[in-house]
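Report on the structure
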Amino acid sequence: MLDAVEHLRGLEYPGRIIVLGRSENGDNVAVYAMTGRKPETRARKLVQKRENIYVDPIEESARSGRHNDIFFYQATNLRVRELAISNGVHTTDLPGNRNALHNLIKGLGKHTFEPDSNSTPRIGGIIEPDNAALGIVKRDESGETIRQYFEVPLVDGTGSMIYTYAEPNRDPTPSFVGEPVRISLPGYSPRATARTIYDALARSDPAQDFRIAAACIYIHPKKYYAKGAAQIEIINRVDEEKK
């Protein structure tokens, strides 16, 4: 198991990041974080709408560009007994009728990698009261689509992390490889966890500081049915820079 902060500090450019796990105090945890190299990619923020998180433009005029469904989307979808999370429009395609792994396979199976210059992988996850799964859909060297799905454990104080890009930071950016990274889950609240993840992505060289935002959701396994059960914290770079 790796230390989450040290692992994130060692990544040149992870792209979008998903973590699913369980806190030390027994809450189920989902993290979504974004980094971006290009100005148009960084001109985004995370926004809470009711009990879900959306990726929105900082300036509404940006919605007039191409590939809006790649840049702006619903990142989480909380339903009666599960929370779905992803880096694109496939968030709402992840069904909620069976266990997490089955639902993830069915939902991600409708998609290929994103139609951009990096063939950005589509990553997603589902966390239910007692089980969770992560998946990735990416392009191989021949141009074919590779789909990988992983059932991940829910153990107090630990999490499983997946992200879109691997090392090195170049164009086209290599896709994530291997199984989800097992990490120690930092923090005892959504605020503490989001802050730790966001700060771990900082870089001393401003030119290499690709942070956009980080968000964290805590929800008790026995309270998925309760209205307002999701505790949400969002940190946006655009807001941090105003302080």
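Let me begin by describing the structure that accompanies this report. What you see is a predicted model, and the numbers here were worked out from it, not measured in a lab. Every chain's residues receive numbers from 1 upward, in the order its sequence appears when written. Side-chain atom pairs in this predicted model are given and counted only at pLDDT of 80 or more, local residue features only at pLDDT of at least 70, and totals for whole chains, interfaces and linings cover all residues. Side-chain numbers here rest on the full set of heavy atoms in the structure, without hydrogens or water.

So, the overall build of the protein
The helix count covers DSSP runs of H or I at least four residues long, the strand count covers runs of E at least two residues long, and both are numbered beginning at the N terminus. From N to C terminus, the protein includes six helices and 15 strands. Atoms counted for the radius of gyration: C-alpha only. Globule rule: 2.2 Å times residue count to the power 0.38. A compact globule built from 243 residues would reach a C-alpha radius of gyration of about 18 Å, and the protein, at 16 Å, matches this within 12%. Calculation of accessible area relied on Shrake-Rupley with a 1.4 Å probe; when residues are assessed, cover is drawn exclusively from the protein chains displayed. For the protein, the exposed surface amounts to about 10800 Å²; the carbon and sulfur share of it is 48%. For the purpose of counting charges, residues Lys and Arg are taken to be positive, whereas Asp and Glu are taken to be negative. His and the chain ends are not included. To locate a charge, the coordinates of NZ of Lys, CZ of Arg, CG of Asp or CD of Glu are taken. With 33 positive and 32 negative side-chain charges, the protein shows a spacing of 4 Å between the two charge centroids.

A few points about empty space enclosed by the protein
Put simply, the grid is 1 Å and covers the protein atoms alone, a cavity is a trapped set of points that fit a 1.4 Å probe, a pocket is an open set with protein on both sides within 12 Å along at least five of seven lines, and lining residues have an atom within 4 Å of a point. Grid points are joined across faces, edges and corners, and a volume is the space filled by probe spheres set on the points. As enumerated under the stated definition, the model contains one cavity of 30 Å³ or more in all. As a volume, the largest cavity reaches approximately 50 Å³. For this scheme, ten residues count as nonpolar: Ala, Val, Leu, Ile, Met, Phe, Trp, Tyr, Cys and Pro. Four count as charged, namely Asp, Glu, Lys and Arg, and the remainder, Gly too, count as polar. Taken together, the residues of the lining of the largest cavity sort by class into four nonpolar, two polar and three charged.

Regarding the sheet that holds strand 2 (residues 16–22)
The mixed open sheet is built from seven strands, whose spatial order is 1-13-12-2-3-14-15. With one partner strand each, in any of the chains shown, strand 1 (2–3) and strand 15 (231–236) form the two edges of the open sheet. Bridge count between strand 1 and strand 13 (residues 181–184): two bridges; the pairing is parallel. When the sheet's bridge partners are listed, Asp3 is paired in strand 13 with Ser184. Note on contacts: a residue pair qualifies if any of its non-hydrogen atoms lie within 4.5 Å across the two residues. Only C-alpha atoms enter the line fits that serve as axes; for helices the fit covers just the stretch in contact. Angles between N-to-C directions range over 0 to 180 degrees. Running at roughly 155° to strand 14 (residues 211–219), helix 5 (residues 190–200) makes contact with strand 3 (28–35), strand 14 and strand 15 of the sheet. Here the rule is simple: two strands pair whenever DSSP picks up at least two bridges between them.

Section: the pattern of salt bridges
A pair is scored as a salt bridge if a Lys or Arg side-chain nitrogen falls within 4 Å of a carboxyl oxygen belonging to Asp or Glu. Taken as a whole and judged by the stated rule, the model has twelve salt bridges. A salt bridge links Arg79 to Glu82, with the nearest nitrogen and oxygen atoms 2.4 Å apart. Using a 1.4 Å probe on the protein chains alone, a residue whose accessible area is under 20% of its type maximum counts as buried, one over 50% counts as exposed, and one in between counts as partly exposed. For Glu82, a relative accessible area of 1% translates into the label buried. One salt bridge connects Glu240 with Arg195, and the closest N-O pair in it is separated by 3.1 Å. With Glu240 in helix 6 (residues 237–240) and Arg195 in helix 5, the pair connects residues that are 45 residues apart, well separated along the chain.

Regarding the layout of surface pockets
Taken as a whole, the second largest pocket encloses approximately 320 Å³ of empty space. What lines the second largest pocket is a set of 13 residues, among which Arg139, Asp140, Glu141, Pro174 and Ser175 lie closest to the centre. Grouping the constituent residues of the lining of the second largest pocket by class yields four nonpolar, four polar and five charged.

What about helix 4 (residues 100–108)?
Those residues of helix 4 not exposed but buried are Ala100, Asn103, Leu104, Gly107 and Leu108. The arc that holds every buried residue of helix 4, seen down its axis, measures 115°, which confines them to one face. Residues of helix 4 that are buried in the fold lie against strand 9 (122–127), strand 10 (132–139) and strand 11 (145–152). To be clear, the arc concerns the directions from the helix axis to the C-beta atoms.

Regarding the environment of Pro57
Take Pro57: it is sitting in strand 5 (residues 52–57). Expressed as a C-alpha distance, the spacing of Pro57 and Pro190, which sit 133 residues apart in the sequence, is 23 Å. Residues within four places of Pro57 in sequence aside, it is in contact with Ala43, Arg44, Lys45, Ala62, Arg63 and Phe72.

Overview of helix 5
Restricting attention to buried positions, one finds in helix 5 the residues Pro190, Thr193, Ala194, Ile197, Tyr198 and Ala200. For helix 5, the buried positions fall inside an angular range of 165° around the axis, keeping them on one side.

So, the side chain of Ser160
Relative to the helices and strands, Ser160 is located in strand 12 (residues 158–163). Looking at Ser160, the relative accessible area reads 1%, which means it is buried. Non-local contacts of Ser160, meaning those with residues more than four positions away in its chain, are made with Ile18, Val19, Leu20, Leu134, Val152, Pro153, Pro180, Val181 and Arg182.

With respect to the packing of aromatic side chains
In summary, the pairing rule links any two rings of Phe, Tyr or Trp, Trp by its six-membered ring, whose centres are within 6.5 Å, and it sorts them by plane angle into stacked for under 30 degrees, edge-to-face for over 60 and tilted for everything else. In this structure the tally under the stated criterion is four aromatic pairs. With a centroid separation of 5.5 Å and 75° between ring planes, the pair formed by Tyr13 and Phe210 is classed as edge-to-face. Residue Tyr13 is found in the loop between helix 1 (4–9) and strand 2, and its partner Phe210 is found in the loop between helix 5 and strand 14; the two are separated by 197 residues along the sequence. Phe210 sits in the buried class, given a relative accessible area of 7%.

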